[in-house]
Amino acid sequence: MAPRTPKTTKGHWPRTPEPAEKGVTMSRQSVARAHQKIQELSWEPKYHEPVSQYGTDYTFHKAQKKDPLKQVLRSYFPMQEEKDHRVYGAEDGAIRGNMFRQVQERWLEWQKLFLSIIPLPEIAAARAMPLLFRTVPNPELNNGQAVQMIDEVRHSTIQQNLKRIYMQNYIDPAGFNNSLRNFQNDYCGTIGRQFAEGFITGDAITAASIYLTIVAETAFTNTLFVAMPAEAAANGDYLLPTVFHSVQSDESRHISNGYATLLMALSDEQNHQLLERDLRYAWWNNHRVVDAAIGTFIEYGTKDRRKERESYAEMWRRWIYDDYYRSYLVPLEKYGLVIPHDLIEEAWNQIWNKGYVHEVAQFFATGWLANYWRIDPMTEEDFEWFEYKYPGWYDKYGKWWENYARLSEPNGHHPIVAEDVDYQYPHRCWVCMVPCLVREDMVMAEVDGQWRTYCHEACRWTDVEAFRPTFQGRATPNMGQLIGKREWETLYHGWNWADVVSDMGYVRDDGKTMTAQPHLKLGDQKKMWTLDHLRRMGPLLSPNVLLNEMSAEEREAFRANYVRGGPAGRYARADA
């Protein structure tokens, strides 16, 4: 039988069949051609005056900056679909392979905090991209921003699903199941919330470009999505590495979006003043929040104490100082941009010499009763590793962690926050909301009739000078301001601790046993802390409220005493 000939339209040659959409692949050349065609579809409407939905104080000219990672949806979706198949396949394999009987309990407890916070920055990043669509007059970059928006929604989705799998399969789901319920008013979540909302508030370029893509994604996703998954694997958790490596594989596109926008801004000399302002603010706020969180997870959430394992300080020096600062930021000086060298060096100084991560972990553990995960005491093996990686660690922090272990089971005493362990409860920083833990760096200022404390001069500068309607004599009406009740303690000033925990909803199903515990011993109810234990405590008092009730002389005496305190939150010595 002769082969059948394809049907034709009269007067036309047979058409080549279209490739199936599922699993479609496109050559690099065809992607570039399609990408170019998409740009030709854009136009400037002549029939009305465009309205700026999201304001910026930056000025842009239609410089033809290129998107180096051209992406179109026809090639994008099959690629992301394949990545999702790998993620969900690994999750199924983890359940079938009994991963949750092998993973370290200490590690998964800290994931209750991490996985309650991280989807919020992701979805805020998705919301940030539309801020740039009208602000950055470049269709090619707008296409890249649209693709990034889809990326960020995907990231939030797979992270929430990871949290759901942990909740369904882990031995203690309490905390996973309600950590978003009071995200706006819990002990630690408020810090993550202010970080994420920095992507979508104030000046559009400051928020969505400098703060998000230039600093957060280009610098700090290295420790977030590369270093942290390595630690997860070392603790028997190979689901988090699968999910977060899938996330990190998208970051190169986001980084290119930010870099191309930065070059457009640099082409106008008027923007340099704003760029230098925003780099200082964005760098310092990212350092305070991301290093506090990821550093604590990696150092205090692990059971892997191999001497050859990198410490967070070593990871930071490699991933952020060398790869970001020296390889990415410093070369921008050739464009005339002033880089915040002093703040980057100070961030390293905070981590290595001032024990910033260790101070944060101690603060989290001090307030364990107001959390929604369990923080177990450090052991002799932990002590030995910390002393090896951070010489002098034990002299600073060892005694406090020994007291934490001693007070971890209820035995007629209060939780550690209400016991005399030579720890002065810290003031919160008005800007980054991480407490003023490096006592020597705390500064104060009276702003809008209120006395505020700041963890460092850089945060004071952000509130008092940078986030204002004028900056160095220049009108900056699009900058936001930091207002409201920003300290968690102020929300509950004068409350009994039991009522605080009940209001946040961090109580187990029996109505009295607390979700959080200062140990991992679930089997014995007598070792579990309940609301009854908390009712014997005095009220929670806000340091900021008390500060504003002081006279000028009392306030100055307090400040002088506070900055002489530490390390490890110790009260200032009388002879200091």
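Residues numbered from 1 in each chain as written. Predicted model: local features only at pLDDT ≥ 70, side-chain atom pairs only at ≥ 80, totals over all residues. Heavy atoms only, no water.

### Overview of the packing of aromatic side chains
For the structure shown, the criterion picks out 49 aromatic pairs. Ring geometry for Phe364 versus Trp373: centroids 6.4 Å apart, planes at 90°, classification edge-to-face. In this structure, Phe364 and Trp373 share a single accessibility class: buried. Taking the centre distance of 5.2 Å and the plane angle of 75° together, the rings of Tyr372 and Trp373 count as edge-to-face. Among the residues examined, Tyr372 registers a relative accessible area of 0% and is labelled buried. Exposure remark for Trp373: the relative accessible area of 0% places this residue in the buried category. Over the ring of Trp348 we find Arg317; its NZ or CZ atom is 4.8 Å from the centre of that ring. (Phe/Tyr/Trp six-rings, centres within 6.5 Å; stacked < 30°, edge-to-face > 60°. Buried < 20%, exposed > 50% of the residue type's maximum accessible area, 1.4 Å probe, protein only. Lys NZ or Arg CZ within 6 Å of the ring centre and 35° of its normal.)

### A look at the pairing of strand E2 (residues 450-454)
Bridge count for strand E1 (residues 443-447) against E2 is five bridges, and the pairing is antiparallel. Pairing of Met444 across the sheet is with Thr453, part of E2. (Pairing = 2+ DSSP bridges. Helix = DSSP H or I, 4+ residues; strand = E, 2+ residues; numbered from the N terminus.)

### Looking at the confidence of the model for the protein chain
The predicted model of the protein chain averages 90 in pLDDT, with 89% of residues at 70 or higher. Confidence over residues 5-21 falls short of pLDDT 50; this stretch has five contacts with residues more than four positions distant or in other chains. (pLDDT = per-residue confidence, 0-100. Contact = heavy atoms within 4.5 Å.)

### Some points on the nonpolar core
Phe114, Tyr166, Trp283, Trp316 and Trp401 are the most contacted members of the largest nonpolar core, which totals 168 residues. The residues contacting Phe114, other than those within four sequence positions of it, are Leu224, Met228, Leu240, Phe244, Ile294 and Phe297. (Core = buried A, V, L, I, M, F, W, Y, C linked by side-chain atoms within 4.5 Å.)

### Considerations on the packing of helix H4 (residues 119-133) against helix H6 (residues 189-197)
In the contact formed by H4 and H6, the axes pass within 8 Å of each other and the chain directions differ by 15°. Classified by the angle their axes make, H4 and H6 are roughly parallel. For H4 against H6, the interelement crossing comes out right-handed. For the pair H4 and H6, the contacting residues are Leu120, Pro121 and Ala124 in the first and Arg193, Phe195 and Ala196 in the second. (Axes fitted to C-alpha atoms, helices over the stretch in contact; angles between N-to-C directions. Parallel < 35°, antiparallel > 145°, perpendicular 65-115°, else oblique. Left-handed = near helix turned anticlockwise from the far one by under 90°.)

### Here we look at helix H10 (residues 312-329)
In a regular helix each residue adds 1.5 Å, so 18 residues correspond to 26 Å; H10 covers only 21 Å between its end C-alpha atoms and thus falls short of that length. Of all the bends found along H10, the most pronounced is centred on Tyr321 and spans about 35°. Among the residues of H10, those classed as buried are Tyr312, Ala313, Met315, Trp316, Trp319, Ile320, Tyr321, Tyr324, Tyr325, Tyr328 and Leu329. (Expected span 1.5 Å × (residues − 1). Bend = angle between axes of the 7 residues up to and from the residue.)

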